[in-house]
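# Report on the structure
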Amino acid sequence: NMLWFTLKFLLKHFLYYFLKIFVILFHFLIVHILFPLFSAKSFLDCGLDKGSPSITEELSYEVSFSESITVLPKTQGWPKNQRFKKEDSALPKFIVRKSRFGLTEVGDLSPEDMKKIRYLSLIELTAFYDALGVELKRNRAERVRGRENGLFGVPLTILLENDQKKVPGIKVPLIFQKLLLKLEETGLETEGILRVPGSASRVKNLHQELEAKFYEDTFDWDQVRNNDAAGLLKMFIRELPSPLFTLEYLPAFITLVEKISKIKLQLQALHLLIMLLPEANRDTAKAFLQFLKKVVANEGKNKMNLWNVSMIVAPNLFIYKGKRANQQEMQAAATTAHIVRLLIRYQDILWTVPSFLISQVRKMNEATMNNSKRQLMFDKGVRKLLRRKTMERERPERSEGAVTFPPYLQSDIPEGVIRVYAPLHSKVSMAIQLNSQTKAKDILARFHCENSHSSSQNMRGQIQSLHEIGGNIGHHCLDPDAYMLDVYRANPQAEWVIKP
């Protein structure tokens, strides 16, 4: 009996520990081998890195995007039947930390410098795609003819030329602004706005009436229903002779999603493509995306979330009237919707000019100035004229025993001190000593304090900015958080002006 009891006891404990070990091994197999495989595929289908929805990633503009690519996944491409996670939370959060120079938006630079930004962005985009092993596809640039008068089907540049005769300096077509304003005033809370179509017959009649009465200011906007206004808005974009994101770079937009799976890299490619857009397209697209952001912000009442808006808007942006949509383009509906989703979600980032591009613009301008100086020095006629003028200027000064320097050497401003001009203030100029902590907003505050009692009523209601003008930049509206000593050292020949 004692032997049987001992065997029974050992057998019972053996089975207990065997089952315990089996459970541990099974748990290890599920958690550490099978689950990562399935979860990895799930994240691949969504185009997201594991855990990205809960991680905030920092973006840097100091180094070019192509140079920042160090380690790439072995497979960059998407599966053919990719699926996108539709929840807004699926998109990671990105932050851009300000450099010592602050942040620069597209409208903060002169048109001449923005042309250089476009040129440099194409070079950077080519290098970026090459570093990713992706072919940069482009359509042949075609000269698209459109109507020269009217509202719909007119090229943006011609439409703006006509509008600027009425409102100088306007950057977004008047009809487009009015449609957006109408929808923002009355349509943001309309359920299904952009999704529920208006009456086709009403939209057609409104279209004809707008063409006839808009510029005469006799069109009655109160008669326009919200869904009809949304239909007119989509019609305007769809009937542009050339797509809003340009015919030339439409394949590059599609490629950045089809061939690049990491959201951060998609965003960087999209950023460069936005910098490539012509000014009229970029400004109009910005106004449109700002409106779409407001639509999404009212999701609780209009039932339109980010993915709904993106799916509805995408065909109007990427399938245009000049080209019939083929089967492949129709299948890319989810791809283009994902692009629109990125445009809406990250628009504040996309319309910021990367600082490494601004640095390259400064170098280009400096090279141009140096070449001009060399050309001037080797011009014999100019050299003779300068020599003669110098001799004439120095003769009377020798008799008086005094020595003066040419104007470009006469400077009463020591190193680290800038003279700031404010032509619209009562105190029009001020010399300011810079230190490592002086920001643009500190200079603005000092001028405001000095002129608080004497400024006109009109000036008090305006937002003032500090502008960097000349030297190695054309015109640069500075970020209030820019450290002035760093900006001064980057461009010591600039003038500093405060104006609206």
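Located above this text is the structure these notes cover.
Residues numbered from 1 in each chain as written. Predicted model: local features only at pLDDT ≥ 70, side-chain atom pairs only at ≥ 80, totals over all residues. Heavy atoms only, no water.

Of the regular secondary structure elements, the protein chain holds 20 helices and nine strands. Counting across all 500 residues of the protein chain, residues that qualify as buried make up 42%. Summing over all exposed atoms, the protein chain offers an accessible surface of approximately 29100 Å²; the carbon and sulfur share of this is 56%. (Helix = DSSP H or I, 4+ residues; strand = E, 2+ residues; numbered from the N terminus. Buried < 20%, exposed > 50% of the residue type's maximum accessible area, 1.4 Å probe, protein only. Areas by Shrake-Rupley, 256 points an atom, 1.4 Å probe, with all protein chains shown as cover.)

Here helix α4 (residues 156-166) crosses helix α10 (residues 279-297) at 80 degrees, and the two axes come no closer than 9 Å. In terms of orientation, α4 and α10 fall into the roughly perpendicular class. Residues Leu156, Thr157 and Leu160 of α4 form the contact with α10, whose own contacting residues are Ala280, Asn281 and Thr284. Of the residues assigned to the contact of α4 with α10, the class counts are three nonpolar, three polar and no charged. (Axes fitted to C-alpha atoms, helices over the stretch in contact; angles between N-to-C directions. Parallel < 35°, antiparallel > 145°, perpendicular 65-115°, else oblique. Contact = heavy atoms within 4.5 Å. Nonpolar A, V, L, I, M, F, W, Y, C, P; charged D, E, K, R; others polar.)

In this structure, serine 121 sits in helix α3 (residues 111-132). A polar contact is formed between the side chain of serine 121 and the backbone oxygen of isoleucine 117, at a distance of 2.7 Å. Setting aside its immediate chain neighbours within four residues, serine 121 contacts Leu272, Met275, Leu276 and Leu357. (Polar contact = N/O pair within 3.5 Å; in protein donor to acceptor, adjacent residues only side chain to side chain.)

Attention now moves to the environment of glutamate 184. Topologically, glutamate 184 is positioned in helix α5 (residues 174-186). Separated by 42 residues in the primary sequence, glutamate 184 and asparagine 226 have C-alpha atoms spaced 9.6 Å apart. If near-sequence neighbours (up to four positions away) are discounted, glutamate 184 is found in contact with Phe291 and Lys294.

This part covers α5. Compared with the 18 Å implied by 1.5 Å per residue over 13 residues, the 18 Å span of α5 between its first and last C-alpha is a close match. Buried residues of α5: Leu174, Ile175, Phe176, Leu179, Leu180, Lys182 and Leu183, and no others. For α5, the elements touching its buried residues are α4, α6 (200-213), α7 (226-238) and α10. (Expected span 1.5 Å × (residues − 1).)

Attention shifts here to the sheet that holds strand β9 (residues 495-499). Reading across the sheet, the five strands line up as β6-β5-β9-β7-β8 and stay open at both edges, with mixed pairing between neighbours. The open sheet terminates on both sides in strands that have one partner only, identified here as β6 (429-433) and β8 (473-477). Strand-to-strand, the axes of this sheet are offset by a mean angle of 25 degrees, without reference to chain direction. Examined bridge by bridge, strand β7 (residues 465-470) and β9 share five bridges and lie antiparallel to one another. Within the sheet, the bridge partner assigned to glutamate 468 lies in β9 and is tryptophan 496. Here helix α18 (residues 440-451) sits on the sheet and contacts β5 (417-421), β6, β7 and β9; the angle it forms with β6, its principal contact strand, is near 135 degrees. (Pairing = 2+ DSSP bridges.)

With 13 residues, helix α14 (residues 333-345) extends 18 Å from end C-alpha to end C-alpha; this agrees with the ideal 18 Å at 1.5 Å per step. Counting buried positions over the 13 residues of α14 gives 10, a clear majority of the element. Looking only at α14, the buried set comprises Thr335, Thr336, Ala337, His338, Ile339, Val340, Arg341, Leu342, Leu343 and Ile344. Taken together, the buried residues of α14 touch α8 (250-258), α9 (263-276), α10, α12 (306-318) and α15 (347-350).

Now for the packing of α5 against α7. Between α5 and α7, the shortest axis-to-axis distance is 10 Å and the interhelical angle comes to 150 degrees. Of the possible angle classes, the one that applies to α5 and α7 is roughly antiparallel. As for how α5 packs across α7, the hand of that crossing is left-handed. Residues Ile175, Phe176, Leu179, Leu180, Lys182, Leu183 and Thr186 of α5 lie in contact with α7, whose contacting residues are Asn226, Ala229, Ala230, Leu232, Leu233, Phe236 and Ile237. Along the lines of polarity and charge, the residues of the contact of α5 with α7 split into 11 nonpolar, two polar and one charged. (Left-handed = near helix turned anticlockwise from the far one by under 90°.)

Before going further, it helps to examine the nonpolar core. In this structure, Tyr129, Leu194, Phe245, Phe288 and Phe291 are the most contacted members of the largest nonpolar core, which totals 104 residues. Leave out the neighbours within four places in its chain, and phenylalanine 291 touches Leu180, Leu183, Glu184, Leu188, Leu194 and Leu233. Among the nonpolar cores identified, the runner-up in size contains 20 residues, and Ile418, Ile443, Met484 and Leu485 belong to it. (Core = buried A, V, L, I, M, F, W, Y, C linked by side-chain atoms within 4.5 Å.)

Another point: empty space enclosed by the protein. For the structure shown, the criterion picks out one cavity of 30 Å³ or more. What the largest cavity holds in volume is close to 40 Å³. Looking at the largest cavity, the residues that line it are Leu59, Ser60, Tyr61, Phe65, Leu267, Gln268, His271 and Ile349. Considering every element that reaches the lining of the largest cavity, the biggest residue donor is α9, with three residues. Of the residues that constitute the lining of the largest cavity, the class distribution is five nonpolar, three polar and no charged. (1 Å grid on protein atoms, 1.4 Å probe; cavity = no way out; pocket = protein on both sides within 12 Å on 5 of 7 lines; lining within 4 Å. Points joined across faces, edges and corners; volume = space filled by probe spheres on them.)

Another point: the packing of aromatic side chains. Overall, the coordinates contain 13 aromatic pairs when judged by the stated rule. Geometrically, the ring pair formed by phenylalanine 245 and phenylalanine 253 is tilted, given 5.2 Å between the ring centres and 45 degrees between the ring planes. Take phenylalanine 245 and phenylalanine 253: they sit in the same class, and that class is buried. Through a chain of ring-to-ring contacts, three or more aromatic side chains come together here, namely Tyr61, Phe65, Phe128, Tyr129 and Phe356. One cation-aromatic arrangement involves arginine 100 over tyrosine 483; the distance from NZ or CZ to the ring centre is 3.7 Å. (Phe/Tyr/Trp six-rings, centres within 6.5 Å; stacked < 30°, edge-to-face > 60°. Lys NZ or Arg CZ within 6 Å of the ring centre and 35° of its normal.)

Our next topic: the pattern of salt bridges. Opposite charge on two side chains permits pairing when their charged atoms draw close. Within this structure, the stated rule accounts for 15 salt bridges. The residue glutamate 184 makes a salt bridge to lysine 294 at a minimum N-O spacing of 3.2 Å. One end of the pair, glutamate 184, is in helix α5; the other, lysine 294, is in helix α10, with 110 residues separating them in the sequence. Here arginine 362 makes a salt bridge to glutamate 468, at a shortest N to O gap of 2.8 Å. Of this pair, arginine 362 sits in helix α16 (residues 355-377) while glutamate 468 sits in strand β7, and the two are 106 residues apart along the sequence. We note that arginine 362, like glutamate 468, is buried. (Salt bridge = Lys/Arg side-chain N within 4 Å of Asp/Glu carboxyl O.)

Just distances and angles here, no functional claims.
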